[in-house]
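Residue-level listing of the chains:
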Amino acid sequence: MEHILELQQVSKTFPKSDFMLDHVTFSLPYGSIMGFVGENGAGKTTTIDCILNTVAPNSGTIKLFGKEMSDSDGELREKIGVVYDGNNFPAYLTANQLAKVMEGLFATWDNSLFRKYLEDFHLPPKQKIKNYSKGMTMKLAIAAALSHHPELLILDEATSGLDPIMRDEMLDIFLDFVQEENHSILLSSHITSDLEKVADYITFIHGGKLLMTASKNDLAYHYAVMRCKENQFYALDPADILCFRKRDLWIDVLVPNAKDAQRKYKDAVIDHVSIDEIMLLLIKGEKV
């Protein structure tokens, strides 16, 4: 399988900070959407900064389209559309003025496509960005990211601040984007219900460490939580336990294959769970 994005053992430390991005490794295949999940401060934005070469990692390698990106590599940057959670553009600009700036930055800028997005998203082109709502500024950033015909979208909380109807419309746009086999999306989001709708893969990060990458189908159909009493828990094969968490009289155990666990432990109660619940277990649970 070919990958549009590859991180191998990427680490980053910061002066006067205890935080460390610790040997992060994952790959994003062509034609797919990867949800990037973790709590605030987990390392999602730092990882994205390293990918975009706005922060230099201390060690490890990052490849985009099979190449490591240098500071002067304009050709690779043309292929990447980026949306950050925050102020993506100077607030004193209007959308019309932003279009002129973007036209000077990207040889592939498509002004007619940008105008279409402004119309579709109901964004006034002559109004200053500082007078937009948070949802409007996020829609503007997505419009700008898509309007230079990127092949890779890197979206840091790009659906935050949008109402449920607009979020659903955005997700449809993202799904349309990856219909092109050479297109992919890395989508960092706290809204895991969005990822459950569109993601092909989910990568979990916590405290700067990668916890797990799995396909969404595996998470939905194979991963499960086994509810055990204490005597049942101590009878389990440690190889079947990804992590566990004690809860009152029960112990929740994350297992990678519900059917195998049910065959092996016939009296166990086994439930399929959401991405949120899996993330909580991975973060708050213990290893054997």
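The coordinates are above.
Residues numbered from 1 in each chain as written. Predicted model: local features only at pLDDT ≥ 70, side-chain atom pairs only at ≥ 80, totals over all residues. Heavy atoms only, no water.

Enquirer: I keep staring at the packing of helix α3 (residues 95-105) against helix α4 (residues 111-120) and nothing clicks. Help me out?
Expert: When two helices pack together, their arrangement is given by the angle between the helix axes and by the axis-to-axis distance. Following both chains from N to C, one finds α3 and α4 inclined at 150°, their axes separated by 11 Å at the closest point. Comparing their axes, α4 and α3 come out roughly antiparallel. The way α3 lies across α4 gives a crossing that is right-handed. Contact residues: Ala 95, Asn 96, Leu 98 and Ala 99 in α3; Asn 111, Phe 114, Arg 115 and Leu 118 in α4. Residue classes in the contact of α3 with α4 are distributed as five nonpolar, two polar and one charged. (Axes fitted to C-alpha atoms, helices over the stretch in contact; angles between N-to-C directions. Helix = DSSP H or I, 4+ residues; strand = E, 2+ residues; numbered from the N terminus. Parallel < 35°, antiparallel > 145°, perpendicular 65-115°, else oblique. Left-handed = near helix turned anticlockwise from the far one by under 90°. Contact = heavy atoms within 4.5 Å. Nonpolar A, V, L, I, M, F, W, Y, C, P; charged D, E, K, R; others polar.)

Enquirer: Would you mind going over unusual backbone geometry with me for this structure?
Expert: Negative phi characterises most residues that are not glycine, and trans characterises most peptide bonds. For Lys 16, which is not glycine, the phi dihedral falls at a positive 65°. Take Lys 16: its relative accessible area is 92%, and that puts it in the exposed class. One non-glycine residue, Asn 53, lies in positive phi territory at about 65°. Inspection of the secondary structure puts Asn 53 in the loop between α1 (44-51) and β4 (59-64). The class of Asn 53 is partly exposed, set by a relative accessible area of 22%. (Buried < 20%, exposed > 50% of the residue type's maximum accessible area, 1.4 Å probe, protein only.)

Enquirer: How do you make sense of helix α11 (residues 275-284) when you look at a structure like this?
Expert: Residues lying three or four places apart along an α-helix face the same way, a consequence of the helix completing one turn every 3.6 residues. When we look at burial in α11, the residues that qualify are Ile 275, Ile 278, Met 279, Leu 281 and Leu 282. Taken end-on, α11 shows its buried residues confined to a sector of 165°, consistent with a single buried face. (Arc of directions from axis to C-beta.)

Enquirer: Help me understand the sheet that holds strand β12 (residues 250-255) in this model?
Expert: What links the strands of a sheet is backbone hydrogen bonding, and the strands pair in either a parallel or an antiparallel sense. Taking strand neighbours across the sheet as the criterion, the four strands line up as β11-β12-β10-β13 in an open arrangement whose pairing is antiparallel. With partners counted over all chains shown, the strands left at the sheet margins are β11 (243-247) and β13 (269-271), one partner each. Here the average twist between neighbouring strands, direction ignored, is 25°. Looking at chain direction, β11 and β12 are connected through five bridges and run antiparallel. The residue of β12 that forms the bridge with Arg 245 is Asp 252. In the packing of α11 onto the sheet, the strands contacted are β10 (224-228), β11 and β12, and the crossing angle to β11 comes to about 90°. (Pairing = 2+ DSSP bridges.)

Enquirer: Hey, could you run me through the packing of helix α5 (residues 134-146) against helix α6 (residues 164-177) in this one?
Expert: The interhelical angle for the contact between α5 and α6, taken along N-to-C directions, is 10°, at an axis separation of 12 Å. It follows that α5 is roughly parallel to α6 by the angle criterion. Here Lys 139, Ile 142 and Leu 146 of α5 come into contact with α6, specifically with Met 166, Met 170, Ile 173, Phe 174 and Phe 177. In terms of residue class, the contact of α5 with α6 is built from seven nonpolar, no polar and one charged.

Enquirer: Please explain a negative patch on the surface as it appears in this structure.
Expert: A cluster of acidic residues, Asp 163, Glu 169, Asp 172 and Asp 176, forms a negative patch at the surface. Structurally, the position occupied by Asp 172 is in helix α6. (Patch = residues over 30% accessible without salt bridge, like charges linked within 9 Å, V, L, I, M, F, W, Y side chains within 5 Å. Areas by Shrake-Rupley, 256 points an atom, 1.4 Å probe, with all protein chains shown as cover. Salt bridge = Lys/Arg side-chain N within 4 Å of Asp/Glu carboxyl O. Lys, Arg positive; Asp, Glu negative; His and termini not counted. Charge placed at Lys NZ, Arg CZ, Asp CG, Glu CD.)

Enquirer: Help me understand the side chain of Asp 252, please; the structure alone is not making it clear to me.
Expert: Of note, Asp 252 is situated in strand β12. At 3.1 Å, the side chain of Asp 252 and the side chain of Arg 227 are in polar contact. Engagement of the side chain of Asp 252 in a polar contact is seen with the side chain of Arg 247, the distance being 3.5 Å. Those residues within four positions of Asp 252 in sequence are excluded, and the remaining contacts are Val 225, Met 226, Arg 227, Cys 243, Phe 244, Arg 245, Arg 247 and Leu 281. (Polar contact = N/O pair within 3.5 Å; in protein donor to acceptor, adjacent residues only side chain to side chain.)

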